[in-house]
Amino acid sequence: MPIDEWSEEPRYRQLAAILRDRMATDAIPAGGKLPTEVELMDEFGLGRSTVRAAIQVLRDEGLVVARPARGTFRVPTPKQ
């Protein structure tokens with residue numbers, strides 16, 4: 001799903017939604033590592049600040065956690 005340049009939805013929110021969808025379909029499995037900032041910048045043609053804002057949205061929602069010098073990881077879901 002590409003970023004819609006003409007959408008009224010901010011690009012960082014669009015990216016957050018794309019990453020959320022990838023988590024929902026297990027393209028990024030529970031406990032799995034998200035692509036790096038540079039990989040996301042290259043894939044979507046976005047700037048670093050936009051990518052960081054999208055990741056911050058996911059952090060605020062409790063979906064991902066940043067581990068210094070290791071990356072950003074999807075929070076494991078509790079077993080039901």
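Residues numbered from 1 in each chain as written. Predicted model: local features only at pLDDT ≥ 70, side-chain atom pairs only at ≥ 80, totals over all residues. Heavy atoms only, no water.

Undergrad: Honestly, the overall build of the protein in this entry has me stumped. Any pointers?
TA: The secondary structure content of the protein amounts to three helices and two strands. Helices and strands in the protein line up, N terminus first, as α-α-α-β-β. Scaling as 2.2 N^0.38, a compact globule of 80 residues should have a C-alpha radius of gyration of about 12 Å, and the protein matches this with 12 Å. Reported as C-alpha extents along the three principal axes, the dimensions of the protein are approximately 40 × 30 × 20 Å. Counting all 80 residues of the protein, 29% fall into the buried class. Contacts in the protein between residues far apart in sequence, at least 24 positions, make up 52% of those at least 6 positions apart. Accessible surface computed for the protein: about 5400 Å², of which carbon and sulfur atoms make up 51%. (Helix = DSSP H or I, 4+ residues; strand = E, 2+ residues; numbered from the N terminus. Rg over C-alpha atoms; globule rule 2.2 N^0.38 Å. Buried < 20%, exposed > 50% of the residue type's maximum accessible area, 1.4 Å probe, protein only. Contact = heavy atoms within 4.5 Å. Areas by Shrake-Rupley, 256 points an atom, 1.4 Å probe, with all protein chains shown as cover.)

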